[in-house]
Amino acid sequence: MLDTIDQQTVIINQDTRYYIGELKANYKSDKVLHLSSFDFVQLIINNMDRNNLIKAIQLLSEYDLVIVDYIEELIGRKKTQQVINTIISHCISTRFVFTASNEV
């Protein structure tokens, strides 16, 4: 189990559900957002205003923990990865956990 997590943590395991359950239990009183990488990208796109990430950053900053599953689906999507890195760097109080079933 992960006792602590940095702002960005990647869990690579065949059974990430165990770790996600543990994380959610540890953050039970906090605001947790858990979604697939596809839904995460859609959330960002839907909250962009004229290529401005402020709305997406504000929305994600409302959460204490954001868990994004299946991050391997974003391999090769350089622009998407850049946008995600920009968002993470601006969401100072939000912790991000990315899961992958295979090494990325």
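Below you will find a few notes about this structure. (Residues numbered from 1 in each chain as written. Predicted model: local features only at pLDDT ≥ 70, side-chain atom pairs only at ≥ 80, totals over all residues. Heavy atoms only, no water.)

1. A word on the pairing of strand β4 (residues 95-100)
Put simply, the test is: Per-residue accessibility, obtained with a 1.4 Å probe over protein chains only, is compared with the maximum for each type, and a residue is labelled buried under 20%, exposed over 50%, and partly exposed between these values. The secondary structure listing takes helices from DSSP runs of H or I that are at least 4 residues long and strands from runs of E that are at least 2 residues long, numbered from the N terminus. Here, a strand pair is defined by DSSP locating no fewer than two bridges between the strands. A clockwise path from the first strand over the helix to the second, with the strands pointing away from the viewer, defines a right-handed crossover.
Most of β4 is tucked away: five of the six residues are buried. Both strand β3 (residues 65-69) and β4 contribute to a ladder of four bridges, which runs parallel. Paired with V68 across the strands is F98, a residue of β4. With respect to chirality, the unit in which β3 leads through helix α4 (residues 78-90) into the neighbouring parallel β4 is right-handed.

2. Some remarks on helix α3 (residues 54-61)
We count it as follows: The directions considered for the arc run from the helix axis to the C-beta atoms. We call two residues in contact when some of their heavy atoms are within 4.5 Å.
Of the positions making up α3, those classed as buried are A56, I57 and L60. Down the axis, α3 shows its buried residues gathered within 100° of arc, on one side only. Residues of α3 that are buried sit in contact with β2 (32-36), α2 (37-46), β3 and α4.

Note that every value here comes from positions in space, so none of it alone points to a role or purpose.
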